[in-house]
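An overview of the molecular structure
Here is how the chains run, residue by residue.
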Amino acid sequence: MHILLLDALLKGPATERAPSADEAAVADLARALGTRARARLGRSLAIREVDAGSCNACELEIHALGNPVYDVERFGLKFVASPRHADVLLVTGAVSWNMREGLERTYAATPDPKWVVAAGDCAAGCGVYSESHACAGAVAKIVPVDLAIPGCPPTPTDLLKGLLALVEGATRSPR
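If you're wondering where the values come from, they're calculated on a predicted model, not measured in any experiment.

Pairing is parallel in the open sheet, where five strands are placed in the order β2-β1-β3-β5-β7. Strand pairing shows two members of the sheet lacking a second neighbour, β2 (77-79) and β7 (147-149), which therefore form its edges. Averaged over all pairs of adjacent strands, the angle between strand axes in this sheet comes to 25°, irrespective of strand direction. Here three bridges tie strand β1 (residues 45-51) to β2, and the two strands are oriented parallel to one another. Pairing of Ile47 across the sheet is with Phe79, part of β2.

As a further point, take the pairing of strand β3 (residues 88-92). With five of its five residues buried, β3 lies for the most part within the structure. Side chains Val88, Leu90 and Thr92 of β3 all project onto a buried face; the interleaved residues Leu89 and Val91 project onto the opposite face, where all are buried too. Bridge count for β1 against β3 is five bridges, and the pairing is parallel. The residue bridging Glu49 from the neighbouring strand is Leu90, located in β3. With five bridges connecting them, β3 and strand β5 (residues 115-119) associate as parallel partners. The partner of Leu90 across the bridge, within β5, is Val117.

Along the chain, Ala119 falls in strand β5. We classify Ala119 as buried; its relative accessible area is 1%. Along the chain, Ala119 and Ala148 lie 29 residues apart, while their C-alpha atoms are 6.0 Å from each other. Ignoring any residue separated from it by four or fewer positions in sequence, one finds Ala119 in contact with Cys58, Leu90, Val91, Thr92, Gly93, Ile149, Pro154 and Leu159.

What follows is about empty space enclosed by the protein. Counting across every chain of the model gives one cavity of 30 Å³ or more. Considering only enclosed or pocket space, the largest cavity measures out at about 70 Å³ in volume. Lining the largest cavity are 14 residues, with Ser54, Cys55, Cys58, Cys122 and Cys152 positioned closest to its centre. Of all the elements in the fold, those that place two or more residues in the lining of the largest cavity are α3 (57-64) and α5 (121-124).

Take the pattern of salt bridges next. Working definition: two side chains of opposite charge can pair if their charged atoms are close together. Counted under the stated rule, the structure contains seven salt bridges. Between Arg74 and Asp71 there is a salt bridge; the shortest N-O distance is 3.8 Å. Residue classification places Asp71 among the partly exposed residues on the basis of a relative accessible area of 28%.

Under the criterion given, the structure shown has zero aromatic pairs. One residue, Lys114, lies across the ring of Tyr107, its end atom 3.9 Å from the ring centre.

Owing to its 3.6 residues per turn, the α-helix aligns residues three or four sequence positions apart on the same side. In this model, helix α2 (residues 23-41) (19 residues) spans 26 Å end to end at C-alpha, consistent with the 27 Å of a helix rising 1.5 Å per residue. One or two residues past the end of α2 sits Gly42, with phi positive at roughly 80°.

Criteria and cut-off values
Residues numbered from 1 in each chain as written. Predicted model: local features only at pLDDT ≥ 70, side-chain atom pairs only at ≥ 80, totals over all residues. Heavy atoms only, no water. Pairing = 2+ DSSP bridges. Helix = DSSP H or I, 4+ residues; strand = E, 2+ residues; numbered from the N terminus. Axes fitted to C-alpha atoms, helices over the stretch in contact; angles between N-to-C directions. Buried < 20%, exposed > 50% of the residue type's maximum accessible area, 1.4 Å probe, protein only. Contact = heavy atoms within 4.5 Å. 1 Å grid on protein atoms, 1.4 Å probe; cavity = no way out; pocket = protein on both sides within 12 Å on 5 of 7 lines; lining within 4 Å. Points joined across faces, edges and corners; volume = space filled by probe spheres on them. Salt bridge = Lys/Arg side-chain N within 4 Å of Asp/Glu carboxyl O. Phe/Tyr/Trp six-rings, centres within 6.5 Å; stacked < 30°, edge-to-face > 60°. Lys NZ or Arg CZ within 6 Å of the ring centre and 35° of its normal. Expected span 1.5 Å × (residues − 1).

Set out below in structure tokens:
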């Protein structure tokens, strides 16, 4: 036991280094998104993340938005637990047959105006599982999609850029 403790003390923690993202650029991007959301909606942007059958790689990147490196909540972007409080449905994964009804109900429970974002290649319909017999298909086959963010998985910076483009009106306006 003493040998293991000594070995751990000499080697240091077994963790990865923080991402090498330009912190100022990420902060500016998140700040711009928060400002545009408040200007367009009159309040913070509320996001409901829905895993419709993904491998969880996209979720890891989405959850990174809340970690100390990105910390988007300080800029007014909030992840909410209920679709009834959401402005954006951030959907990941090719929609499995088991999640089809759940996604449809979540979409119906989200108040208007609302946006739907397909995050990742699988959600956009071109991922590894796109032609699987276990999948109902891409998110756009189940609910209307306003924006698709490519990547397997998309980085947190890509997610912020996509959400900023959505709020700025680069895509159609909310329903």
